[in-house]
Amino acid sequence: MNAIELLKQDHVTVKALLERLGSTTERGVKTRTELLQKIEIELLVHTTIEEQIFYPAYKAAGGKDEAVMSAEAKEEHRTVDSLVLPDLKQTSPSSVEFAGRAKVLKELLEHHIEEEEKEMFPQAAKLLGKQKLAELGAEMEALKKSMKQDLQGKAA
């Protein structure tokens, strides 16, 4: 699977989890807690493979516009990882505040995903080419698999 296909597949997974989280109610404490844990793991792994492998390759292949776009994308990751997600994790799943914060998380991530898929990925396809995207995809897949094993081992 090439790098862009892999990232798009992650986007589908996260969007589905966010959709499920958004459809829960204050009574669904266990479901909300489990979904939030799954989202956190997916985001951690996805953010890592993007920031360590995909963004540097994209930035190196491009010019100033690509450098700016990858910096913006990293800043959006930081906003979710440092502000929104920690706040949501500290919020009681049985509260209405949880639903509001979950919605903000969903909106931020949907905006980020849309920018990547409409702007960054088409440009990356042109700049990097099929062979490089395949190489990056293999590298990203290996890191993703390794991280998921580590994270699931720690959660057990």
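Because the structure is a prediction, the values reported are computed rather than measured.

Caption draft 1: The overall build of the protein chain, seen in detail. Helix and strand content of the protein chain: four helices and zero strands. Secondary structure elements of the protein chain occur, N-terminal to C-terminal, as α-α-α-α. In terms of C-alpha radius of gyration, the protein chain reaches 16 Å, essentially the compact-globule figure of 15 Å for 156 residues. Its C-alpha atoms give the protein chain principal-axis dimensions of roughly 50 × 30 × 20 Å. Counting every position in the protein chain, which comprises 156 residues, the buried fraction comes to 39%. Total accessible area on the protein chain stands at roughly 8,700 Å², and carbon and sulfur atoms take up 53% of it. Placing the 23 positive and 28 negative side-chain charges of the protein chain at their respective mean positions leaves the two points 4 Å apart.

Caption draft 2: Geometry of the nonpolar core. Judged by nonpolar contacts, the single largest core of 18 residues is most densely connected at Leu7, Phe54, Met120, Leu128, Leu136 and Met140. Going through the elements one at a time, α1 (3-22), α2 (29-61) and α4 (96-155) are the ones with two or more residues in this core. For Met120, the residues in contact, after removing those within four places along its chain, are Phe54, Tyr55, Tyr58, Met69, Ser70, Ala73 and Glu115. Core analysis: the second largest hydrophobic core is formed by 16 residues, Val14, Leu21, Leu36 and Leu109 among them.

Caption draft 3: Focus on the environment of Leu108. Along the chain, Leu108 turns up in helix α4. In this structure Leu108 comes out as partly exposed when scored by relative accessible area, which is 32%. It is 9.2 Å that separates the C-alpha atoms of Leu108 and Val84, two residues lying 24 residues apart in sequence. The residues touching Leu108, leaving out its near neighbours within four places in the chain, are Thr79, Val80 and Val84.

Caption draft 4: A look at α2. Here α2 is 33 residues long and its end C-alpha atoms lie 46 Å apart, about the 48 Å a rise of 1.5 Å per residue gives. Considering bend angle alone, the principal kink of α2 is centred on Glu51 and spans about 40°.

Caption draft 5: Layout of the UniProt feature "domain: Hemerythrin-like" (unreviewed entry) in the protein chain. When the UniProt feature table is mapped onto this chain, "domain: Hemerythrin-like" (unreviewed entry) is found at residues 3-124. Each end of residues 3-124 is marked by a C-alpha atom, and these two atoms are 10 Å apart; helix forms 89% of the span and strand 0%.

Caption draft 6: Region of interest: α1. With 20 residues, α1 extends 28 Å from end C-alpha to end C-alpha; this agrees with the ideal 28 Å at 1.5 Å per step. When α1 is considered as a whole, its buried residues turn out to be Ala3, Ile4, Leu6, Leu7, Asp10, His11, Val14, Leu17, Leu18 and Leu21. Along α1, the residues classed as buried sweep out an arc of 155° about the axis, all on the same side. One side-chain oxygen of the residue at the start of α1 lies 2.8 Å from the amide nitrogen of Ile4, identifying that residue as Asn2.

Caption draft 7: Representation of the packing of α2 against helix α3 (residues 64-90) in the model. Where α2 meets α3, the closest approach of the two axes is 11 Å, and the angle between their N-to-C directions is 165°. Here α2 is positioned roughly antiparallel relative to α3, judged by the angle of their axes. Crossing hand, α2 versus α3: left-handed. Where α2 approaches α3, its residues Leu36, Glu40, Leu43, Thr47, Glu50, Glu51, Tyr55, Tyr58 and Lys59 are matched on the opposing element by Glu66, Ala67, Met69, Ser70, Ala73, Lys74, His77, Val80, Asp81, Leu85, Leu88 and Lys89. Here the residues of the contact of α2 with α3 sort into 10 nonpolar, three polar and eight charged.

About the thresholds
- Sequence positions are assigned chain by chain, starting from 1 and proceeding in written order.
- A pLDDT threshold of at least 70 governs which residues receive local features in this predicted model, and a stricter bar of 80 or more applies before side-chain atom pairs are shown or counted, although totals over entire chains, interfaces and linings include all residues.
- Processing note: side-chain calculations cover all non-hydrogen atoms of the structure and skip hydrogens and water entirely.
- Secondary structure is summarised from DSSP: a helix means a run of H or I of at least four residues, a strand means a run of E of at least two, and numbering begins at the N terminus for each.
- The atom set for the radius of gyration is the C-alpha atoms, and the globule formula is 2.2 Å times the number of residues raised to the power 0.38.
- Using a 1.4 Å probe on the protein chains alone, a residue whose accessible area is under 20% of its type maximum counts as buried, one over 50% counts as exposed, and one in between counts as partly exposed.
- To be clear on the numbers: accessible area is Shrake-Rupley with a 1.4 Å probe, and residue cover counts the displayed protein chains and nothing else.
- Charged residues are defined narrowly, with Lys and Arg counted positive, Asp and Glu counted negative, and His plus the chain ends left uncounted.
- By convention, the point assigned to a charge is CZ for Arg, NZ for Lys, CD for Glu and CG for Asp.
- Side-chain atoms within 4.5 Å are what join buried Ala, Val, Leu, Ile, Met, Phe, Trp, Tyr and Cys residues into a set we call a nonpolar core.
- Any pair of residues with heavy atoms lying within 4.5 Å of one another is described as a contacting pair.
- By definition here, a helix of n residues has an expected span of 1.5 Å times n minus one.
- At any given residue, the bend is defined as the angle formed between two axes, one fitted to the seven residues that end at that position and one fitted to the seven that begin there.
- UniProt positions are given in the numbering used here, feature names are shortened, and annotations may be inferred rather than shown by experiment.
- The directions considered for the arc are those from the helix axis to the C-beta atoms.
- Two N or O atoms count as a polar contact when they lie within 3.5 Å, although within protein this holds only if one can serve as hydrogen donor and the other as acceptor, and sequence-adjacent residues are included solely when both atoms are side-chain atoms.
- Fitted lines through C-alpha atoms give the axes, limited to the stretch in contact for helices. The angle between two N-to-C directions lies from 0 to 180 degrees.
- Roughly parallel means an angle under 35 degrees; roughly antiparallel means over 145; roughly perpendicular covers 65 to 115; every other angle is labelled oblique.
- Crossing handedness is read from the near helix: turned anticlockwise from the far helix by less than a right angle, it gives a left-handed crossing, and turned clockwise, a right-handed one.
- Any residue outside Ala, Val, Leu, Ile, Met, Phe, Trp, Tyr, Cys, Pro, Asp, Glu, Lys and Arg is labelled polar, Gly included; the first ten of those are nonpolar and the last four are charged.

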